[in-house]
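Fold and contact review
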Amino acid sequence: MGETVGHERRVFSGVQPTGNLHLGNYLGAVKRFVEMQEQDVQTLYCVVDLHAITMPYDPRALRHATRELTAAFLACGLDPAKSILFNQSQVPAHAELTWLFNCVARIGWLNRMTQFKDKAGKNREAASVGIYAYPVLMAADILVYKATHVPVGEDQKQHLELARDIASKFNLDFGAPDFFPLPEPMIEGAATRVMSLRDGTKKMSKSDPSDLSRINLTDDADAIAQKIRKAQTDPEPLPSEEEGLEGRPGAANLVAIYAALADMPKAAVLAEFGGQPFSAFKPALAELAVAKVAPIAGRMREHLADPAHIDAVLADGAERAEAIAAPVARDAYEIAGLLRTRR
Ligand code: AQP
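Scope of this entry: the structure provided in the associated data block. What you see is a predicted model; the values in this text were computed from it and never measured. Position numbers for residues start from 1 in each chain and track the written sequence from start to end. Reporting of local features is limited, given that this is a predicted model, to residues whose pLDDT is at least 70; pairs of side-chain atoms are given and counted only at 80 or more, and all residues count toward the totals for whole chains, interfaces and linings. With hydrogens and water excluded, all non-hydrogen atoms of the structure serve as input to the side-chain values.

1. Examining the overall build of the chain
Numbering of helices and strands runs from the N terminus; a helix is a DSSP stretch of H or I covering at least four residues, while a strand is a stretch of E covering at least two. The helix and strand inventory of the chain stands at 13 helices and five strands. Radius of gyration: over C-alpha atoms. The globule rule applied is 2.2 Å multiplied by the number of residues raised to the 0.38 power. Here the C-alpha radius of gyration of the chain, 21 Å, is about what a compact globule of 343 residues would show, namely 20 Å. In terms of its C-alpha atoms, the chain occupies a principal-axis envelope of roughly 70 × 45 × 45 Å. Burial classes follow relative accessibility: with a 1.4 Å probe on protein chains only, a residue under 20% of its type's maximum area counts as buried, one over 50% as exposed, and anything between as partly exposed. The buried share among the 343 residues of the chain stands at 50%.

2. Regarding unusual backbone geometry
Most peptide bonds take the trans configuration, and most residues that are not glycine carry a negative phi. One non-glycine residue with positive phi stands out, namely N20, at about 55 degrees. With respect to the element layout, N20 can be found in the loop between β1 (10-15) and α1 (23-37). One non-glycine residue, D178, lies in positive phi territory at about 70 degrees. Tracing the backbone through its elements, the reader meets D178 in the loop between α8 (157-173) and β5 (184-186).

3. Concerning the side chain of T43
With respect to the helices and strands, T43 occurs in strand β2 (residues 42-47). Within polar-contact distance, the side chain of T43 engages the side chain of S83 at 2.8 Å. Every residue pair with non-hydrogen atoms within 4.5 Å of one another is taken to be in contact. Residues contacting T43, with those up to four places away along its chain left out, are V11, M36, Q37, K82, S83 and I84. Pairs of N or O atoms are called polar contacts if they sit within 3.5 Å, as long as, within protein, a hydrogen donor faces a hydrogen acceptor (for residues adjacent in sequence, only side-chain-to-side-chain pairs).

4. A look at the state of the cysteines
When the sulfur atoms of two cysteines come within 2.5 Å, that pair is taken as a disulfide. Applying the stated criterion to the full structure yields zero disulfides. Of all cysteine sulfurs, the one in C76 lies closest to C46, which takes part in no disulfide; the gap is 16 Å.

5. Thoughts on the pattern of salt bridges
Each salt bridge in this description consists of a side-chain nitrogen of Lys or Arg and a carboxyl oxygen of Asp or Glu lying within 4 Å of one another. Tallied over the full model, the rule gives 14 salt bridges. Its salt-bridge partner being D211, residue R214 comes within 3.7 Å of it at the nearest N-O pair. The salt bridge involving D316 is made with R320; its shortest N-O contact spans 3.2 Å. Remark: R320 and D316 occur in helix α13 (residues 307-335); sequence separation between them is four residues, near one turn of the helix. What makes D316 partly exposed here is its relative accessible area of 39%. Each member of the salt-bridge network shares a partner with another, and the members are D211, R214, D219 and K227.

6. Section: the nonpolar core
Within the largest apolar cluster, 56 residues are counted, with the highest numbers of intra-cluster contacts made by L23, L27, F73, I257, L261 and F281. Looking at this core, the elements with two or more residues in it are β1, α1, β2, α3 (59-76), α9 (221-229), α10 (249-262), α11 (266-273) and α12 (278-304). In terms of residues, this core owes the most to one element, α12, which gives 10 residues. Per the annotation, domain bounds derive from an automatic or database assignment of domains. Inspection of this core shows a minimum of three residues originating in each of domain 1 (10-192 + 306-335) and domain 2 (211-302). Ignoring any residue separated from it by four or fewer positions in sequence, one finds I257 in contact with L23, L27, V194, L197 and L285. Only buried Ala, Val, Leu, Ile, Met, Phe, Trp, Tyr and Cys residues count toward a nonpolar core, and they belong to the same one when joined by side-chain atoms within 4.5 Å. By size, the runner-up hydrophobic cluster in this structure holds 48 residues, among which are L110, M138, F170 and A176.

7. Focus: the site of the ligand
By convention in this text, a residue qualifies as near a molecule or strand provided that one of its non-hydrogen atoms is within 4 Å of it. Neighbouring the ligand are 23 residues, the closest being D155, K203, S205, K206 and S207. Residue S207 places a side-chain N or O atom 2.5 Å away from an oxygen atom belonging to the ligand. The accessible surface values rely on the Shrake-Rupley method and a 1.4 Å probe; as for residues, cover is taken only from the protein chains in view. About the coverage of the ligand: the protein hides 94% of its 640 Å² of free accessible area. At four residues, α1 tops the list of elements feeding residues into the shell around the ligand.

8. Observations regarding α9
Among the residues of α9, I224, K227 and I228 are the ones counted as buried. Buried residues in α9, looked at end-on, bunch into an arc of 100 degrees, giving them a common side. Those residues of α9 that are exposed and aimed more than 90 degrees away from the buried face are D222 and R229. On its buried face, α9 is in contact with α12. Here the arc refers to the set of directions running from the helix axis out to each C-beta atom.

9. Here we look at the pairing of β2
Put simply, side chains in a regular strand alternate between the two faces of the sheet. Within β2, five of the six residues are buried, which leaves it mostly tucked inside the rest of the structure. The pairing of β1 with β2 spans six bridges and is parallel. Of the residues in β2, the one forming a bridge with F12 is L44. As a crossover connection, the stretch from β1 through α1 into β2 is right-handed. DSSP calls a pair of strands paired once it identifies at least 2 bridges connecting them. Here the term right-handed applies to a crossover when the path leading from its first strand over the helix to its second strand runs clockwise, the strands being oriented away from the viewer.

10. Describing the packing of aromatic side chains
Paired rings are identified among Phe, Tyr and Trp, the last through its six-membered ring, by centres lying within 6.5 Å, and are further divided according to the angle between planes into stacked (under 30 degrees), edge-to-face (over 60) and tilted (the rest). A complete count under the given rule lists 15 aromatic pairs for this structure. When the centroid spacing of 4.4 Å and the interplanar angle of 5 degrees are considered together, the rings of F33 and Y45 count as stacked. One end of the pair, F33, is in helix α1; the other, Y45, is in strand β2, and 12 residues separate them in sequence. You'll find F33 and Y45 in the same group, each marked buried. Geometrically, the ring pair formed by Y258 and F273 is edge-to-face, given 5.3 Å between the ring centres and 70 degrees between the ring planes.

Written out as structure tokens, the structure reads:
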């Protein structure tokens, strides 16, 4: 992990409580959160419920989804004794800094965000202001902790670049060089972009109408095995070298998933399975995926059976997060010239 000049190393990342947490979220994000937690660096992981309300949603379902995602964090191995785990809406400094950043970010920057274009679809006029300003809130999430490193999937690269632009413009405009660090995206590992099992050219996604397109972290062993059996591939055997995966998105996706689950390089997977047909590779992948993913669902159920414990984890995490975030937001308001007279 590189150093960000003048700033203590600190890791922050978030996941939306929008249900259907899938293998892409796990391999691209949560599994790596757990790895970072074991290193000598402070880690904060956030259930970003303020992001979840930028698209149409059911308020009654949101509270459950927030607890469910926290249960998934715990089930995947995040430990409240090692990481600060909390939900965003309980730490008001995120929203406070967002307003300042709304006045720093430029409309032209937001107009270039591809996720907004994808999510708003053709009827852009009817999209919420929140979904348009989503990346500004994300910048505030990160910078309110002066986080230096952000483990995310590939789809968040553009938003991280925007966070860096906002941090540098704030520092420059207000003559506060180095107040905010320029956060570095950590987009690493074999599966930074897990693709749909039904279409290897599309990202595995929570909102895909086909449940067969994704492995949910709540899937049981049968469902996982069935989805891998039905995964889209091609008639050729697996190649022995990575170049042989070019133009074969379905095959490339399954190899990347295997490599990430087994913590081995893709080249090693191909050295083992090159020349074999999918009828041999898919059962091996299914066995590995069941071994790694199916126990998560069981542990999630155990955590969800004790919502009071989940709430206590989030309450404690929010207090610890607030202790870092509130002074940063206060300093940023002062730097921006806003009069603070209350103690
Ligand atoms: N397919 C993916 N491969 C690798 N990483 C992924 N992430 C999401 N999809 C993949 C990473 O998961 C983290 C949390 O993402 P989020 O909560 O913001 O969810 P999302 O990106 O909205 O998830 P989806 O599935 O993409 O939802 P929809 O369908 O609503 O668009 C992030 O680090 C993200 O990069």
